[in-house]
Amino acid sequence: MTKKIMRNVLLLIMVVTFIPFTLALTPDDGNGTTNNLQQKQISGRVVDASGNPIPGVNILEKGTLNGAISDANGRYTMTVTSASSVLTFSFIGYVTQEVTVGAQTAIDVTLAEAVSALDEIVVVGYSTQARKSLTGSVSTVDAATLAESAAVNPITRLQGKVAGVTIFNQHTPGEGSSIRIRGMTTINDSNPLYVVDGIPGGSYSPNDVESITILKDAAAQSIYGARAANGVVLITTKSGKKNQKVTMNVNVRQGFTKPGKFYDMLNTREYGEMLWLEAKNFGLPIGVPTDPKNFTHPQYGNGAVPVIPYYLFPTKAPENDPLADPALYDNLMSVRDGDDTYLITKANQIGTDWWGESTRNAPFKEYTLDIAGGSANTTYAFLLGYTSDQGIFKWTGYERYSFRSNINTSPAKWIDLGSSIGVVYTDDHGHQTDNAESSMVSWCYRLQPIIPVYDISGTTYAGSRPSGMGNAQNPVFLLDSNKDDFSRYMNISGNVYARFNIIKGLSFKTLLGINQYSYQSRDLTFVEVAAAERGTYDGFSKGAGTGLNWTWTNTIEYGLVTGQHNIRAILGSEAYDNTSTSVSASRAEYSFLDVNYMTLNTGLRSIANSDNNSSYSLFSLFGRVNYTYADKYMIEGVVRRDGSSRFGDEKFGFFPAASLGWRITQEDFMASTSDWLDELKLRIGYGVVGNDRMGNYNSYTQFAYHEGDASYGMNGANGAISNVGFRQSTFGNTSVRWETTNTFNIGIDATLIKNLTLTVDVWQRKTKDMLHQQQLPLVLGTATRPSINIAEMKNTGFDLELGYSNNALNGDLTYSADLVFSRYKNEITKLTDVASYFIQGSAFREKIYTRAAAGRAWPEYYGYISDGIFNSDTEATDYAPIFGGVNNKAGYFKYRDISGPDGKPDGKVDASDRTWIGSPHPDFTAGLSLSLGFRGLSIMTTLYSSIGNELVNYVSRYIDYTQFAGGRSHRRLYESWGSPYLKGDNTKATMPIITSNDTPHQEPSTAFLEDASFLRMKTLRIGYDFNRLLNNYFSTLQLYFQASNLFTLTKYSGLDPELSIPSSAINMGVDQGAWPTSQQFIFGIAFGL
Amino acid sequence: MKKIFRFLSFSILMASLLAIYSCSEEFLTKEPPGVAAGSVIQTPAGIEALIIGVYERMQNANQSMFGAAMTSDWTYSGGCSDDAYKGTDVGDQSNFNLLERYEALPNNPYLENRWNACYDGVARANVALTFLWETQKGNSKLTDARAKQAEAELKFLRAWFHFQANKIFEKIPYIKTPTELGDVKPEEVQNTDPGWTGIEEDLQYAITNLGTAKYNNEKGRPTKYSAEAVLAQAHMYQKDYTAAKPLLDDIINNGGFSLAPEYMHNFDMTHENNSESIFELQCSTTATAHSAVNGSGCNFHQKGLASCGGWGFYSPSLNLFEAFQTTAEGLPQLNPALRDHLATDMGVGSGVDFTPTDHTMDPRVDFIIARRGVDFLGWGIHPGNDWIREQSNGGPFMTKIFMHRKDEQSLNLYQTGFYNGKNYRTYRYASILLWRAECAVVDNDLELARTYVNMIRNRAKTSTPVMGFCSSTKNLGSNPDVDPTKPAANYKIEPYPGPGLYPFDTKENALKAVQEETRLEFACQNHRFFDLRRWGILATTLNAYIAHDLTFRGFMKDAVFNADQDDYWPLPQTQIDLQKGILTQDPGY
């Protein structure tokens, strides 16, 4: 026995060490010899859809009392009477399966999870509940579903798996995701409350998770009161089961992420051609050097056609030019050697593919090890995980290390004790700026193709410093020089609890949890000597911070079952305290550029530091009563009273909810439908939840010292801002309260023909007293406006979850399909008392794309409607004057005259002709998960689609238009109005005429708006259960191949139609060059003892 | 026994639960860290700190750069006039293009930036005044003398910010404290006029109460003369020379000011607050902050030796460069049509030979304009194109006066010098002399006008010119051949002859001479567009400039200056929307 364990452990080590690719096991076809005896011995193994063994499965020879029970590895052995015997495999929570024995001696069975998991226990706020007695809208995702995806972030793995939530992914290494539960509840922070094992916040790795429960309506949420308006996500981590033999599971998967296609950019030759076309269109003389206005480009020359120079620096120098004598070469700036750099740089005659130079196939690895088990009184689980997710851009990546220990014990009947401790350490490194004009995606299109990667030295990066090269930075330089930047984050969170079982049905639980994080970041900024806007000194900055929140929860729970009555009640109090602090410091000018040398101590100048502190507390009382009569009628009531330090005079709020459930199929009159309708439940709930996220100190009027914004060097000295000044920094408001959201939900849960489940919820959520920092006229100054309770918002929608699962061929073939569908419609019903009031998004290179106003969604796009392009000057001058007439020219955008100051078309196009032109919100999102199992082979896939959402293609301004002198799109030369490539047919033009000054083209308009609907295959996974071939030697041995994001169908012309929600949600949907979703190919092995 | 234990532990826990509940009020109080409450501010130290906060708004360090352009006014006075271009490449700050081409609409965000900067200053002054008056009612208060002076400083500042607003917007609301406004709330004040009444009243209060000594001897404080200079300018803007004259005379006769011996003493960091300075914005840098009027880097060359990351904005125009030529007599050519065309290195690579003009030039050209072949403030001989962001858009020149000399680099502690601590001499004695000369021309006292103008010209003549004649102008990556003993160019400047000689022979010619002298002395400073406006020659000058500029570059193609429409800029639409029925849009824009 010991030897066997040893052997298994050794094998396990081998698997871990040699990684699945090197594993060479000879498959055994598993066929035994045919036994002609009437009595025959059958053995086999029962596993679930993911190949994990199911212990305790009841195996019965049909029509007899002859049976067996599967062991901890899912194995069983039994003797049957004849080949015609039928075996039934049953286990709670799984679909019962029947198999005719026939000639087989080994019968392996994969049990599908029961679609009607009525007895499933669902985690709800502060307690658990059987699914059948739920009255609120609650969705749960289990560990097996989470394991299907290889996304680093657990929330990302929920995309397409849960109805009623919309998930917006980000694609940098170790990506984050924004989740919105049932629309946008508020114009303020719309992120849900995350609760990990009863404690708010806390990190965890996907493998730690036993289940994720999403509380979607007030009936379920109200128990979290003032923090629940955006929904609540409850994460429960894995634990062992009582009387479970120790199990050990190892999962190894690794593969790579592949960069996709980039924008179609012009090469060096085409770029010159485009410059000449711009000049010609602008009306400049070309090829007439004697004319002072003759078009001249410092590199491409002043001739009739562009000439690609041999050298970029010295400007336009020919080969063998004495000015390009390598002896003159100097890559040291004047601060180093007293004179300026002289970076001799050849032109890249063909053109540099900056995307290709910056990206790579990036390795991905995920290893996890779980050990779990339990005795009669104690259960335990130890979870270890490592993930390495390298970015498609060179030198970027993310690593996560995690461990978790969950132990529960009942030393005596009257007491249960337990603790859960999780530690997660993450390390993000490299240049990971996302969705910004300084993101790596942007730098790849912002640098001109004529610039090579390196100058003639072959080691110093070339850049935009030569004449006429714009001002972009070299992406490969940035990636290389930022490779030692990091942001490291450590989270320790956990809890201890004790439950006293006072008398039967009555228990008291006290739970103390902490969530402590600390982070450290380092940011090195090396001077790019070859860049146009190079700095002087190399800089270094460092940040560190820590935060601690603790929660102390005390609950009394009472349950009574008597006759047809089932009462459960919980009453509790909770104190929560959160403090955080951070410091940051920086210096510049280093004598040596060694990354170990560069510290805060060794920088010679620009010594700066700052700190930041914040605190917040909550105290709450809450209760819930749930009464069920005859397993048929359910009623539940919840109240919570929250006190929050964020408010002034009105600290306390009250959040009630009530809900009803009716299991119609339990009624006698439903007997006639019982052959096809197994379960039908109606749920109705109404309740109030709150949102207190408006910053911690809104009630205080503050006067602040600010060195840069209020102080003044009154004594005239340079080098000191001598006089400390104050400014009023905020207007306080002590009478403000939280936002309240009233939620109404009506839903049905149904099971039909055993295998088909359906959950539909229709809901409405009305937010009132929504906090808003109302704009005041600037004549009152610019101190931060206080949040006031003024705005209102409405979300309506419905969620649908439809599942079907079945098997055929005696259980050899299992298949299932799950569809989730979510729709929300968001509307701001009121912003302020002024009907015409609106909130604007940020300006992106001076143009504002988003706006929010009453009657519209939060947010929508605002701008001009472009009715195409003027085809002739006559057509243009006959048209209403646009911007005073500057746009009335052939080849210019024809903006529609829709309004005037009085709301009617006024015969001229100006600012009052802007209107609502689109929305970033999808009409709906849907996910479809399909799985198919045949003997050991399993195939599963998840498709995800978002329909009706639009994006602003802001990148277009950089590549199709002239926002800085960077790289330009293929389209600009070949498809612009008047391009010779259109061969005179300007109706084919996809964009306006290109000229040296195209400011009028760049107004926010429908021309920059694109339909970003998409359908994406999120995952495709093909696996095989090799354990079958090894006669179930292990408890699991599943090998699989997995592809993520294999294809995306979309009309969007940018890199990716999916964009994360920025921290200022008003700027949603502006694509500034976000890291795209990439394909990923992974090979994995799941191995268990 | 077991039961008792169970009961005990339960009771303890319930008791602790109650304990938390009872102390929850205190538990739920979290005060903001690192800020002060009103009670702290209502003290002498608090009031002084609030006043400092108002001064800061004059240089408005973090908002000044483009749309606000507070104090330096370079967007509106420079970029929109014949002095300079936006510079850089065409897609950069494209809202500026619209201003430059006289196509600004009310939704151009630059206008809101300017409005924001002006009225934030006004609001800070009003908060400080309100707190000052409240504090004086209590026990811990300022001395009566200081309180009066403080009030005068605050009213001086309040007038200043409104003046900054009415340079741009034709009619503005004059916002005072709620105490002064009585029944009308600050947000209900309408914009019915340019606000001159308020500006003049506040400045008059300042003149009466500021005295001739600066509070605490601090160089940045205004005196009576500072307020007189501002008020005189306000009168000049209204063409009220009679009212301006006594103020100017008081400054000239009693102020004790004199022209600095060197023109460049008005633009360096080592002669700040000198004898010429009447009111100066104090700028400085620390490792963590800067108070810079206009980031030097913002208009610094992009690629030069200083490598402070310049952006290449604010390029002087060809028109301005050519205005600096002098006649054989060392006088300016007052008729633009008769000016010689001067060679520039437009379109000439730095590796290609280029010989700068040998035309006689006013030496101030190379104090103000940076050009190829001439030393750039000690940072090296300007190599031309290699330092220019995009010649085809912004021309071959750069401004010099906002950048610091190389030997002043060590005075700049903030990062790399992109933001320097160079003070901005908002009101200097030279202005007073030229305004007084203008008044004299109006009075037909041409000899007095000539005297004052010649003081300005003589100072330019006696100033040390930019030295270092460069005979090799190819950029070779090493130091070119320079003769440090010879001036960088062929400088020649002389005072106007007289009395009674051209141009001080007729009122009309004399006015032209004073106007031209104002342009040259204050080129790329904060006056040009507004001066053209008060002289009533905006349209003729700017349309002639457009035509001239089109021979040189294409940017102004199809641009037209329309005097009725483009003399002021429209009010920001956002504020009109927020103050419906209160603010009225400029019907002319």
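Residues numbered from 1 in each chain as written. Chains lettered and ligands numbered in written order. Predicted model: local features only at pLDDT ≥ 70, side-chain atom pairs only at ≥ 80, totals over all residues. Heavy atoms only, no water.

S.K.: For this particular structure, what's the right way to read the overall build of chain A?
M.R.: Along its length, chain A carries 11 helices and 54 strands. For 1089 residues, the compact-globule formula gives about 31 Å, and the C-alpha radius of gyration of chain A, at 33 Å, lands near that figure. Taken over the C-alpha atoms alone, chain A extends approximately 105 × 70 × 65 Å along its principal axes. Within chain A, buried positions represent 58% of all 1089 residues. Excluding contacts between residues fewer than 6 apart, the proportion of contacts in chain A whose partners are at least 24 apart in sequence is 69%. Surface summary for chain A: the accessible area is close to 40700 Å², and the carbon and sulfur share equals 56%. The averaged location of the 103 negative side-chain charges in chain A is 5 Å from the averaged location of its 90 positive side-chain charges. (Helix = DSSP H or I, 4+ residues; strand = E, 2+ residues; numbered from the N terminus. Rg over C-alpha atoms; globule rule 2.2 N^0.38 Å. Buried < 20%, exposed > 50% of the residue type's maximum accessible area, 1.4 Å probe, protein only. Contact = heavy atoms within 4.5 Å. Areas by Shrake-Rupley, 256 points an atom, 1.4 Å probe, with all protein chains shown as cover. Lys, Arg positive; Asp, Glu negative; His and termini not counted. Charge placed at Lys NZ, Arg CZ, Asp CG, Glu CD.)

S.K.: Would you take a moment to explain helix H8 (residues 109-137) of chain B for this structure?
M.R.: Side chains that are three or four residues apart share a direction in an α-helix, a result of its 3.6 residues per turn. Across its 29 residues, H8(B) extends 42 Å between first and last C-alpha, which sits within 8% of the 42 Å expected from 1.5 Å per residue. With 21 of 29 residues buried, H8(B) is to be regarded as a mostly interior element. (Expected span 1.5 Å × (residues − 1).)

S.K.: Before we go on, may I ask you to explain the sheet that holds strand S7 (residues 109-111) of chain A in this structure?
M.R.: All names here are of chain A. The strand order S4-S1-S7 describes an open sheet built from 3 strands, whose pairing is mixed. For this open sheet the edge positions go to strand S4 (75-80) and S7, each flanked by a neighbour on one side alone. Geometrically, the sheet is characterised by an average inter-axis angle of 35 degrees between neighbouring strands, direction not taken into account. As paired strands, strand S1 (residues 40-48) and S7 are joined by 3 bridges and run parallel to one another. Residue pairing for S7: Val 47 is matched across the bridge by Thr 110. (Pairing = 2+ DSSP bridges. Axes fitted to C-alpha atoms, helices over the stretch in contact; angles between N-to-C directions.)

S.K.: Whenever I open this one, the environment of Trp74(B) confuses me. Can you help?
M.R.: Residues and elements named next belong to chain B. Examined against the element boundaries, Trp 74 turns out to sit in helix H6 (residues 74-79). Relative accessible area serves as the criterion here: at 0%, Trp 74 is assigned to the buried category. For the pair Trp 74 and Phe 313, spaced 239 residues apart in sequence, the C-alpha to C-alpha distance is 10.0 Å.

S.K.: Please explain the confidence of the model for chain B as it appears in this structure.
M.R.: Predicted coordinates in areas of low pLDDT are best not read in detail. Across chain B, pLDDT averages 90, with 94% of residues at or above 70. Overall fold confidence for the complex sits at a pTM of 0.88, while the interface term, ipTM, reaches 0.91. (pLDDT = per-residue confidence, 0-100.)

S.K.: When you look at the pattern of salt bridges in this model, what are you seeing that I'm missing?
M.R.: Pairs can form between side chains of opposite charge once their charged atoms are near each other. Scanning the model with the defined rule gives 95 salt bridges over all chains in all. A salt bridge links Glu875(A) to Lys894(A), with the shortest nitrogen-to-oxygen separation between them at 2.7 Å. Taken together, the residues span a long stretch of sequence, with Glu875(A) in helix H9 (residues 873-878) and Lys894(A) in strand S44 (residues 893-895) at a distance of 19 residues. Residue classification places Glu875(A) among the partly exposed residues on the basis of a relative accessible area of 30%. With a shortest N-O distance of 3.5 Å, Asp268(B) and Arg405(B) are connected by a salt bridge. Highlighted residues: Asp268(B) in the loop between helix H13 (241-254) and strand S2 (277-281) and Arg405(B) in the loop between strand S7 (398-399) and strand S8 (424-428), separated in sequence by 137 residues. Salt bridges here are not isolated pairs; linked through shared partners, they connect Glu276(B), Asp362(B), Arg364(B), Arg428(B), Arg457(B), Arg459(B), Glu517(B) and Glu521(B). (Salt bridge = Lys/Arg side-chain N within 4 Å of Asp/Glu carboxyl O.)

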